[in-house]
Structure formats: structure tokens, C-alpha cells
Amino acid sequence: MPIELRDLRAKFNINKCDKTKIIALAGNPNTGKSTVFNALTGLRQHTGNWPGKTVLQSTGQFSIRNKEYLLVDLPGIYSLSPHSLDELVARDFICFAKPDVTVIVMDASSLARNLKLALQIMEITSSVIICLNLIDEAKRKKIKIDVRRLSEELGVPVIPTIARTGKGIKELKNELYKIADEERVLKPYLVNYDADIEAQINSIIKKIDVNLVTSLINPRWLALKSLDNDLSIKEGIKYYLNIDSGVY
Ligand SMILES: Nc1nc2c(ncn2[C@@H]2O[C@H](COP(=O)(O)OP(=O)(O)OP(=O)(O)O)[C@@H](O)[C@H]2O)c(=O)[nH]1
Ligand SMILES: [Mg+2]
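Residues numbered from 1 in each chain as written. Chains lettered and ligands numbered in written order. Predicted model: local features only at pLDDT ≥ 70, side-chain atom pairs only at ≥ 80, totals over all residues. Heavy atoms only, no water.

A.B. asks: Teacher, can you tell me more about the layout of surface pockets here?
C.D. replies: Picture a little ball the size of a water molecule; that probe, rolled over the atoms, points out where space is still empty. Taken as a whole, the largest pocket holds about 280 Å³ of empty space. Forming the boundary of the largest pocket are 15 residues, of which Glu123, Tyr193, Leu224, Lys225 and Asp228 lie nearest the centre. Going through the elements one at a time, α4 (111-124) and α10 (219-227) are the ones with two or more residues in the lining of the largest pocket. Class assignment for the residues of the lining of the largest pocket results in eight nonpolar, three polar and four charged. Residue contributions to the lining of the largest pocket reach at least three from each of two domains, namely domain 1 (5-180) and domain 2 (195-241). (1 Å grid on protein atoms, 1.4 Å probe; cavity = no way out; pocket = protein on both sides within 12 Å on 5 of 7 lines; lining within 4 Å. Points joined across faces, edges and corners; volume = space filled by probe spheres on them. Helix = DSSP H or I, 4+ residues; strand = E, 2+ residues; numbered from the N terminus. Nonpolar A, V, L, I, M, F, W, Y, C, P; charged D, E, K, R; others polar. Domains from an automatic or database assignment.)

See the structure below:
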């Protein structure tokens, strides 16, 4: 029996009807995620724990042009390798709950460090918007960012914001609408690894059970995790999708 998206999302305590789009908010710690979350959702918030975990889950609702959105604030993390509970929660949500859009909140004054996580997220999902926050801090540090070029290079929208004052939030909403509701398809930049690694990725992709896994998880990303020897993804596939991925 095919796995329904609503059943997958229910495993994360996300029980919204099909019409509500699910938006994840991801990013490094202290980049302004909660400030963006508050700016978007105002008072329509709910907090609890991630199912079975002692990690705080905040969700909030908002609407754009009469369309409903549920925003999920993910824990602040530096990478998606599951070394901590926070990283595991964020990775599993992006991978298995399949948010309609993932907004990556980045610190504009620390672009290089923040890009690491952004590139990892873009390997799992192509539905990404970058919220380039703390633009005022970057300016104070005399850092100039060519936003249009960054967006072209990454292949995803980049919206500069100062979440503390609400600057850019309207533009962020416009972009969310375009991607979630008009279903604009993006083609994010993917890291190209050394030739021998790329060859190994391709040979693993060939072994992945196409019918079972590839419609649910990006096969390239799965191959990368296999090369990383990341066994936690195997557990995730078994737990959330109830299938044996066969690659590991
Ligand atoms: N100057 C400036 N400060 C900001 C901006 N956005 C958020 N802040 C401040 O940055 C601090 C951290 O913001 P949070 O929203 O708590 O950041 P966070 O990413 O949720 O942090 P964690 O949940 O701990 O990872 C707060 O003091 C905010 O007021 C901004 O655009 N400019
Ligand atoms: Mg926060």
C-alpha cells in the first residue's frame, strides 16, 4: 500500500488537512529563525515536543491570499549529520515529512558558515527559499552581498530580511506563495564531488530500489548517505516508510 503523505506527517504531530501547506524553518543557531517565525505567525502559535523526543516543537499558522500555511520551527543546527537529537529531528522532518517549502534562515554576516547547512538541505529537497537575515548586522560589518548573484548561483530565491524590524517579511511571503501555491519548480545548485565519488554515487543509485524508495527520497542524497556510512537513515526509512531500502 502506498504511503500517504498525511500519515508520514502525522508521525511528526503535523495533522493538518490536505489544503494547508507545510513550511519548515531551518537554519544555524541564532540566525533569527524564531524572530522570522513570530513575524510570520504572530499569535497563532502552538508549542509542544517532537513525538518521543525532548526537543521543543513550535508550529504556527498564517495565511497568504486566503491560502493556509503551517510553519514548523526546526531546531537550530550546523549540519544535517545526525550527531545530535536536534540534527536528527531537523533531518528527519525535511526528509520524511516532506515540507512543501523549506525556508533556510541564514546569517548574512556569516555567509560561508551558513552555506554549509544550506547546501546540505538542498541535497534533500529542491523546494527551498533562503531568508538572508541579519542584513543590518552584515551592513554594520561592512559586508556587501550581491543577492541576485547569490540567488542565481544557488538556483533558489534569496530574500534579504531584517526580521527584528519586519523588513523583507512581505517579500518572503510573496516568494512562499509562488513556490508553495503556484508550484514553481526550482533547480538548486548541487555540490559536484570528485570524479571517483560521483562514480560511486552513480553505482549506488543503480542499486537503489527504484519503485520503493526513489519516489519518496531523493536517490542521490540516499547514495551520499550510504557513502557516509550513515546508518541512521536506514533506521529512518524503516521507521517512517516501513520499507527496507536495500542499499545498506
Ligand atoms: N540586528 C538584528 N537582530 C536580529 C535579527 N533577527 C533576529 N535578531 C535577533 O537575534 C537574536 C536571535 O534571534 P532568534 O530569533 O532567537 O534566533 P534563532 O535562530 O531562533 O535562535 P535559536 O533558536 O537559538 O537557534 C535575537 O536577539 C533577535 O532579536 C535581524 O535581522 N537583525
Ligand atoms: Mg529559535
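A.B. asks: Whenever I open this one, the domain arrangement of the chain confuses me. Can you help?
C.D. replies: A common way to report how large an interface is uses the accessible area buried once the components associate. Partitioning the chain into structural domains gives domain 1 (5-180) and domain 2 (195-241). Computed from C-alpha atoms alone, the centre-to-centre distance between domain 1 and domain 2 is 24 Å. Taken together, the contact pairs twelve residues of domain 1 with 13 residues of domain 2. When domain 1 packs against domain 2, close to 1200 Å² is buried across both sides, 62% of that on carbon and sulfur atoms. (Contact = heavy atoms within 4.5 Å. Buried area = accessible area lost by both parts, 1.4 Å probe.)

A.B. asks: Before we go on, may I ask you to explain helix α11 (residues 232-241) in this structure?
C.D. replies: Note: α-helices contain 3.6 residues per turn, so residues at a spacing of three or four share the same orientation. Taken together, the buried positions of α11 are Ser232, Ile233, Gly236, Ile237, Tyr240 and Leu241. Along the axis of α11, the buried positions cluster into a sector of 140°, meaning they face one direction only. Pointing more than 90 degrees away from the buried face of α11 are the exposed residues Glu235 and Tyr239. Following α11 by one or two positions, Asn242 has its phi on the positive side, about 55°. (Buried < 20%, exposed > 50% of the residue type's maximum accessible area, 1.4 Å probe, protein only. Arc of directions from axis to C-beta.)

A.B. asks: Explain the site of ligand 1 here, please?
C.D. replies: Near ligand 1 you find 14 residues, and of these Asn30, Lys33, Ser34, Thr35 and Asp136 are the closest. Taking Asn133, its side chain carries an N or O atom lying 3.1 Å from an oxygen atom of ligand 1. For ligand 1, an oxygen atom lies 3.1 Å from a polar atom in the backbone of Ala163. Bound to the protein, ligand 1 loses 71% of the 650 Å² it would expose on its own. In terms of residue class, the shell around ligand 1 is built from four nonpolar, seven polar and three charged. (Near = heavy atom within 4 Å. Polar contact = N/O pair within 3.5 Å; in protein donor to acceptor, adjacent residues only side chain to side chain. Areas by Shrake-Rupley, 256 points an atom, 1.4 Å probe, with all protein chains shown as cover.)

A.B. asks: What is the right way to look at the packing of aromatic side chains in this model?
C.D. replies: Aromatic ring pairs are reported here in terms of the distance separating the ring centres and the angle at which the planes meet. Summed over the entire model, instances satisfying the criterion amount to seven aromatic pairs. Plain terms: the ring middles of Phe12 and Phe93 are 5.3 Å apart, the flat faces sit at 90° to each other, and that makes the pair edge-to-face. Of this pair, Phe12 sits in the loop between α1 (5-10) and β1 (21-27) while Phe93 sits in helix α3 (residues 85-97); the two residues are 81 residues apart in sequence, bridging distant segments of the chain. Residue Phe12 is classed as buried on the basis of its relative accessible area, which comes to 3%. Here Phe96 and Tyr240 contribute two aromatic rings whose centre-to-centre distance is 4.7 Å and whose plane-to-plane angle is 20°, an arrangement assigned as stacked. Note that Phe96 is positioned in helix α3 and Tyr240 in helix α11, a separation of 144 residues in sequence. (Phe/Tyr/Trp six-rings, centres within 6.5 Å; stacked < 30°, edge-to-face > 60°.)

A.B. asks: Before we go on, may I ask you to explain the side chain of Thr59 in this structure?
C.D. replies: Position of Thr59 among the secondary structure elements: in strand β3 (residues 56-64). What Thr59 contacts, discounting residues up to four positions off in sequence, is Ile14, Phe37, Arg44, Gln45, His46, Leu70, Leu71 and Val72.

A.B. asks: I would appreciate a short explanation of unusual backbone geometry in the present structure.
C.D. replies: A negative phi holds for most residues other than glycine; trans holds for most peptide bonds. Phi is positive for Asn13, which is not a glycine, with a value near 70°. Within the element layout of this structure, Asn13 appears in the loop between α1 and β1. The partly exposed category is assigned to Asn13, whose relative accessible area is 43%. Unusually for a residue other than glycine, Asn229 sits at a positive phi of about 65°. Examined against the element boundaries, Asn229 turns out to sit in the loop between α10 and α11.

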